[in-house]
Amino acid sequence: MSRNVVMGVTGGIACYKAADVVSRLKKEDIEVDVIMTENACEFVNPLTFRTLSKNPVVTSTFAVPEAWKVGHVALAQKADVMLIAPATANVIGKVACGIADDMLTTTIMASKAKIVFAPAMNVNMYENPVVQENIARLKRLGYLFVEPAEGLLACGDTGKGRMAEPEDIVDYVTGLLDDINGSCAEKDLAGMKILVTAGPTVEDIDPVRYISNRSSGKMGYAIAEAALRRGADVTLVSGPVSLSCSEAINRINIKSTQEMLEACQKAFENSDIVIKAAAPADFYVANRSQHKIKKTGGSMQLELSKNPDILETLGREKAGRILVGFAAETQDLEEYAREKMVRKNLDMIVANNVAVPGAGFDNDTNIITIIKATDNSMANYEKMSKAEAADIILNHVTELIKK
Ligand code: CTP
């Protein structure tokens, strides 16, 4: 099995996150070689990447370490995947225009590997039509992108441009390597239309305040990515999260539980499998204010009304579809999970005790228990990454399809 990543680091503040990407790739037993541009070296010392990758770092076309006799060609040939993270507007522009004037761009040009960009830049730069056109051109030519996330940028602006989180980039790259190596060649979900929900929903109190649930969306996104890798046609209905997903996923962004219900009902008709990993808010604010509530009024009372239970609603219209729910509990896990599975007419439920360290919410790991309605079976799993948990959940789903 060949798992070689050549990582290009270009000059942006997100360079510090690139170090985390290298560290995570190494933990996945992936061989990493790093090429840094001159500007990247201004942000992070090459020694950091040398230490993390346990390989020499190339910083200039003319200072290629002895080990690589023919410089860029050797690295270009070694790569199964080339990952450019962070990718500045400059490197994207250069590659889109066929410019190869340093070690990184010449290696990209000489490589037949899959090439993945993780852009990171100021929002105005990212939205600049020139940059967008360069990205579109590269996508047309088969280059891949891990979308930047929205949020507060290092420059103080808010918007799209923050490099995707290291764990998401690493998930994407490991998925690509799996595909290349054929370990996931069994596209056991090919032809299946899967609807996945992820993240929290938010309910406005007034134009600036809201109530919500604790949820990072990581579990749902991991399931969506794993389903895509396994050949499914994936629709992801997502609450507000700072995660990015593959272009091939049909992502629908919503805010409130009512909006999530409507998006799910629309996608439901066309779905074979529904996996509800989201944490929708169970209540909305009935006395929501059109204007910002002033605190001068002293204490205030929120009137909360019950939101529809999306899964229960879908469960009533289920027909031949496979319906999978989650149960986030802090006690009596099995009992509550089984009760939810019956009440919501589910085929399978994934339960986790969110009070245990390493399970649920903002973690990169989860500790899951899977209960199936069909044979009443129950399987407990040790702590594992959410990417691994996603594949285990889908393995159980494929068993349900066979039945
Ligand atoms: N769910 C849903 N719609 C809601 C609330 C929850 O579809 N309004 C789904 C979740 O996506 C999850 C499952 O129902 O798959 C269980 O969610 P959970 O919060 O554990 O349970 P609740 O049904 O909300 O019950 P409770 O809060 O009483 O434990």
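In case you missed it, the structure is sitting above this.
Reading the values: the criteria
- Residues numbered from 1 in each chain as written.
- Predicted model: local features only at pLDDT ≥ 70, side-chain atom pairs only at ≥ 80, totals over all residues.
- Heavy atoms only, no water.
- Core = buried A, V, L, I, M, F, W, Y, C linked by side-chain atoms within 4.5 Å.
- Buried < 20%, exposed > 50% of the residue type's maximum accessible area, 1.4 Å probe, protein only.
- Contact = heavy atoms within 4.5 Å.
- Patch = residues over 30% accessible without salt bridge, like charges linked within 9 Å, V, L, I, M, F, W, Y side chains within 5 Å.
- Areas by Shrake-Rupley, 256 points an atom, 1.4 Å probe, with all protein chains shown as cover.
- Salt bridge = Lys/Arg side-chain N within 4 Å of Asp/Glu carboxyl O.
- Helix = DSSP H or I, 4+ residues; strand = E, 2+ residues; numbered from the N terminus.
- Phe/Tyr/Trp six-rings, centres within 6.5 Å; stacked < 30°, edge-to-face > 60°.
- Lys NZ or Arg CZ within 6 Å of the ring centre and 35° of its normal.
- Pairing = 2+ DSSP bridges.
- Axes fitted to C-alpha atoms, helices over the stretch in contact; angles between N-to-C directions.

Undergrad: Explain the nonpolar core here, please?
TA: Core analysis: the largest hydrophobic core is formed by 36 residues, its most contacted members being Ile-223, Ile-275 and Ile-393. Setting aside residues no more than four positions away along its own chain, Ile-275 makes contact with Ile-194, Leu-195, Val-196, Thr-197, Ile-223, Val-324, Phe-326, Leu-394 and Val-397. Within the second largest apolar cluster, 33 residues are counted, among which are Val-5, Ala-14, Ala-40 and Ala-164.

Undergrad: Can you walk me through a nonpolar patch on the surface in this structure?
TA: On the surface, Phe-283, Met-300, Leu-302 and Leu-304 cluster together into a nonpolar patch covering about 360 Å² of accessible area. Summarising the element assignment, Met-300 is placed in the loop between strand S15 (283-285) and strand S16 (304-306).

Undergrad: When you look at the packing of aromatic side chains in this model, what are you seeing that I'm missing?
TA: Each aromatic ring pair is characterised by the separation of its centres together with the angle its planes make. In total, this model carries 2 aromatic pairs according to the counting rule given. With centroids separated by 6.1 Å and ring planes inclined at 45°, the aromatic side chains of Phe-117 and Tyr-143 adopt a geometry described as tilted. You can see Phe-117 sitting in strand S5 (residues 114-119) and its partner Tyr-143 sitting in the loop between helix H8 (129-140) and strand S6 (144-145), a full 26 residues away along the chain. Geometrically, the ring pair formed by Phe-117 and Phe-145 is stacked, given 5.2 Å between the ring centres and 20° between the ring planes. A residue pair is termed long-range when its members are at least 10 positions apart, and Phe-117 in strand S5 and Phe-145 in strand S6 qualify at 28 residues. With a relative accessible area of 0%, Phe-117 lands in the buried category. Every member of this aromatic cluster is reached through a ring pair, and the members are Phe-117, Tyr-143 and Phe-145. Seen from the ring of Phe-145, Lys-139 lies directly overhead, with NZ or CZ sitting 5.6 Å from the centre. Its guanidinium or amino end placed over the ring of Phe-268, Arg-321 lies 4.1 Å from that ring's centre, counting from NZ or CZ.

Undergrad: Whenever I open this one, the environment of Glu-38 confuses me. Can you help?
TA: Structurally, Glu-38 is set in helix H2 (residues 38-43). Distance in space between the C-alpha atoms of Glu-38 and Ser-215 is 39 Å, their sequence separation being 177 residues.

Undergrad: What's the story with the pairing of strand S14 (residues 273-276) in this structure? I'm lost.
TA: On any regular strand, side chains alternate: one points to one face of the sheet, the next to the other face. Residues Ile-273 and Ile-275 point to one face of S14 and Val-274 and Lys-276 to the other, with burial holding for every one of them. Here S14 runs beside strand S17 (residues 322-329); their pairing, made up of 4 bridges, is parallel. The residue bridging Lys-276 from the neighbouring strand is Gly-325, located in S17.

Undergrad: Any chance you could explain the sheet that holds strand S9 (residues 193-198) here in plain terms?
TA: Think of a sheet as strands paired side by side through backbone hydrogen bonds, with each pair either parallel or antiparallel. Spatial ordering of the open sheet is given by S13-S12-S9-S14-S17-S18-S20-S21, a layout of 8 strands whose pairing is mixed. Strands with a single pairing partner mark the edges of an open sheet, and in this sheet they are strand S13 (250-253) and strand S21 (378-380). Looking at each pair of strands side by side, their axes are set apart by 15° on average, direction ignored. As paired strands, S9 and S14 are joined by 4 bridges and run parallel to one another. Along S14, the bridge assignment pairs Ile-194 with Ile-273. In the packing of helix H11 (residues 257-268) onto the sheet, contacts are made with S9, strand S12 (233-238), S13, S14 and S17, and the angle to S9 comes to roughly 170°. Together, S17, strand S18 (348-353), strand S20 (369-372) and S21 form the strand contacts of helix H13 (residues 333-343), whose direction differs from that of S18 by roughly 150°.

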